[in-house]
Amino acid sequence: MTTEEKRILLARLVRSTRFEEFLARKWPSEKRFGLEGCEVLIPAMKQIIDVANAKGVDKFVIGMPHRGRLNVLANVCRKELYKLFNQFDPDMAPEDEGSGDVKYHLGMFHRRINHLTDKEVELSVVANPSHLEAVNPVVCGKVRASQFFDEDPKGERTMAILLHGDAAYSGQGIVYETMHLSDLPNYTTGGTIHLVVNNQVGFTTDPRFSRSSPYCTDVAKVVSAPIMHVNADDPEAVMHVCNIAANWRCDWGKDVVLDLVCYRRNGHNEADEPSFTQPLMYKRIRDTPNVLKKYSQQLLSEGSVTQADIDEELKNFDDILNKAYQDSQELRTVKLADWLDSPWGNFFECDENRVPLYRPTPPTGVSESDVTKVAEKFSANPPIKVHPGIQRILKARRAMVEAKTADWALGEALAFGTLLMEGYHVRLSGQDVERGTFSHRHHVLHDQDVDGKTYNALQNLSSTQQKYSVSNSSLSEFGVLGFELGFSQHNPNSLVIWEAQFGDFFNTAQPIVDQFISSGQDKWIRQSGLVMLLPHGFEGMGPEHSSARMERFLQMCNDNEDVINMDLIDEQLADANWLICNVTTPANMFHVLRRQMHMKFRKPLVIFTPKSLLRHPKARSSFDEMVTGTTFQRVIPEQGSPKNVKKTIFCTGKVYYDLVEEREKRGLNDEVAITRIEQLHPFPYDVIEEEVKRFPNSQIAWCQEEHKNAGGWAYVKPRLSNISKKNVGYAGRDPAASAATGNKKAHKDEIRRLMDDAFTL
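Residues numbered from 1 in each chain as written. Predicted model: local features only at pLDDT ≥ 70, side-chain atom pairs only at ≥ 80, totals over all residues. Heavy atoms only, no water.

Looking only at helices and strands, one finds 25 helices and 25 strands in the protein chain. Reported as C-alpha extents along the three principal axes, the dimensions of the protein chain are approximately 100 × 60 × 55 Å. Within the protein chain, the proportion of its 761 residues that are buried is 58%. For the protein chain, the share of sequence-separated contacts (at least 6 apart) that also reach a separation of at least 24 residues comes to 81%. Taken as a whole, the protein chain presents about 30500 Å² of accessible surface, with 49% of it coming from carbon and sulfur. (Helix = DSSP H or I, 4+ residues; strand = E, 2+ residues; numbered from the N terminus. Buried < 20%, exposed > 50% of the residue type's maximum accessible area, 1.4 Å probe, protein only. Contact = heavy atoms within 4.5 Å. Areas by Shrake-Rupley, 256 points an atom, 1.4 Å probe, with all protein chains shown as cover.)

Turning our eyes to something else, we now look at the packing of helix α22 (residues 655–666) against helix α25 (residues 744–758). Where α22 meets α25, the axes come as close as 11 Å, and the angle between the chain directions of the two elements is 70 degrees. One way to sum up the angle between α22 and α25 is to call them roughly perpendicular. For the pair α22 and α25, the crossing hand works out as right-handed. Taking contact as the criterion, the partners of Val655, Asp658, Leu659, Glu662 and Arg666 in α22 are, on α25, Leu754, Met755, Asp756 and Ala758. Tallied by class, the residues present in the contact of α22 with α25 amount to five nonpolar, no polar and four charged. (Axes fitted to C-alpha atoms, helices over the stretch in contact; angles between N-to-C directions. Parallel < 35°, antiparallel > 145°, perpendicular 65-115°, else oblique. Left-handed = near helix turned anticlockwise from the far one by under 90°. Nonpolar A, V, L, I, M, F, W, Y, C, P; charged D, E, K, R; others polar.)

Let's shift gears to helix α14 (residues 388–403). In this model α14 runs 23 Å from its N-terminal to its C-terminal C-alpha over 16 residues, within 8% of the 22 Å that 1.5 Å per residue would give. Along α14, the residues classified as buried are Gly389, Ile390, Leu394, Arg397, Met400 and Val401. Down the axis of α14, the buried set is contained in an arc of 135 degrees. They therefore lie on one face. Every exposed residue of α14 that faces more than 90 degrees away from the buried side is listed here: Arg392, Lys395, Glu402 and Ala403. (Expected span 1.5 Å × (residues − 1). Arc of directions from axis to C-beta.)

Bringing the sheet that holds strand β15 (residues 494–499) into the picture now. The seven strands are arranged β14-β11-β15-β16-β18-β17-β23 in an open sheet whose pairing can be described as mixed. A single partner strand is all that each edge strand has here, and the edge strands are β14 (468–472) and β23 (679–681). On average, adjacent strands in this sheet sit at an angle of 20 degrees to one another, irrespective of strand direction. Across five bridges, strand β16 (residues 531–535) lies against strand β18 (residues 605–609) in parallel orientation. Paired with Val531 across the two strands is Leu605, which belongs to β18. In the packing of helix α15 (residues 408–421) onto the sheet, contacts are made with β11 (425–430), β14, β15 and β16, and the angle to β11 comes to roughly 140 degrees. (Pairing = 2+ DSSP bridges.)

Tallying each qualifying case throughout the model produces 24 aromatic pairs. A centroid spacing of 6.3 Å and a plane angle of 70 degrees characterise the contact between Phe683 and Tyr715, whose relative ring orientation is edge-to-face. A residue pair is termed long-range when its members are at least 10 positions apart, and Phe683 in the loop between β23 and α23 (685–694) and Tyr715 in helix α24 (residues 713–724) qualify at 32 residues. Under the relative-accessibility criterion, Phe683 is labelled buried at 2%. The rings of Phe22, Trp27, Phe85, Phe88 and Tyr325 are connected pair by pair, giving a single aromatic cluster. Lys79 extends its terminal NZ or CZ atom over the ring of Trp339, reaching a point 4.4 Å from the ring centre. (Phe/Tyr/Trp six-rings, centres within 6.5 Å; stacked < 30°, edge-to-face > 60°. Lys NZ or Arg CZ within 6 Å of the ring centre and 35° of its normal.)

This is how it looks when you write it as structure tokens:
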């Protein structure tokens, strides 16, 4: 290294070290998960950014756990120190809405000039919960989206940097799930640089008890990533491997791992006593000078700097810290929006005080000519040789187009196609989504004679359409759902959809649902329009292929069951933490997907999608239900004109069709009304009230095919009771531990009892 490079390294070590020392003095009892023991991380990250920036990378998306996060925000990303110090004040009230989060989970976005390269650099640290590695796929998805919209397929402009702890890197499966996406065509980001802060301990657990491999980084061998182990107390060696890593990633577009072998000077947090469990290690640590002292002595001894140089560097940064602390005392509130990691520019329409204005969502219908154009393209014979079964499917589609009707696959395709022609990007991802788990979609057709030759009709609608990305994913839920969430956060003009193979398969991605999707806006002011398609329905297929666990999603909704919300529709949507739907017609599927892009804000959307309804002869919609002037129906009222209604059954999803068929068999068309609730959250009180008033003398019942301790019952009952001012009866399966029976006869018996309960007057 040149003398100038050594001086820069020293200055960066001063900032990294003195920052932690300042926090320790000012707030000795506060948790901050400091970087003491691996202060070299800050110069390491800055070196990687400098080298990659010089080679053309100008956007860096960073994911990391809580250890060292405040230091990274301050010294790598240049977060205003006074705003950071303000987070330590326990009396500061939030200026904007939301629950907020602890300071060591927060993210940020910053654009500045890199003074070493004289090039602009954009830095984004993605907010992360205490699920240490959960942010990994979110970061990679965000990077992929940036590369897509920048037309940067090789990842030459945007790069991911992921930080890890040693115990988490070897112990958490999401690390593997994310790394094995790295070379898949629709998920690659051109390589990620991984920095492992190897404390040689995980909370209180020694490595010999936390992993079976010699090194914590051995998981990276599955993608043949280069792994470099380096002594974190040798800063120049660290800079050397950082240069190699940055050049490797930029030149070869592959992942690379740096194992910074260091220590953790304090306990897991600053109030923790590590000597309870690692007494000998911490005797050694207490006797070990920090890396700044070691490196300062090295430079003094070789004559690269003088003591006056070091003292001046220390004083300059101490003055900056003290000034920022004084400035922080002037603040009276905390502004959560200051910590946003994914700003969307001018997407939100605001008043003069920058308060978002929630304009009504326009009707989501389109011209009949556009519906017909997409339908004809989607059903036309492709310019490749396809399977005879595909030919029959396309022929059936053409017959539907001629009759101006749509089944489920066509309704979905019409939503995608019309959005694509309006300039919205559509991305559909998940296991087997190209064909569809139930062989209904067939968006990617395969030539029967030429390997790898395919045709995608929705990618060939017009020369001016936006790109349609559809891709079968790896057999991963946690990793792929996190990836798609990250993709959705980059640009609001992208309809990003993740489909589970079966609805209950989302449960292996539960941390993404709980920590990011359901609560991300409340904690981090971060909106997302991600759509989750969860196949759901009881058809006798057993416990693992029936329920998408609707009750879990409804339990996490942020509305109050004791408050009847009659706000305008868009205000309700804007206030909701997410939207929960269980639609029963292709037209409503068409509208709810289009609504995602036409709302003036973004919300996650969870749709419980059908299985048997995909081919049900009654589950059809006319093109007239999708043309200009039509829109999404939150509730579909009783379709007939019953004259002597004694019972109104409210339901959601596939069970509606079973109820209608059974009502016909029992001759109860005049005595029982059946109303479908298509949007469960926000709960559509206004439309429900109209339906209750329509049949004022009838009993009220809720019918569901799920067990009583599952499905919508616990959520719907108090709301339905409050708006109707009546007792709400229940018709459905009894409570059970298992989601569904696997016995065909038991399944049929349950349906019979369910129908008897529903139609008992």
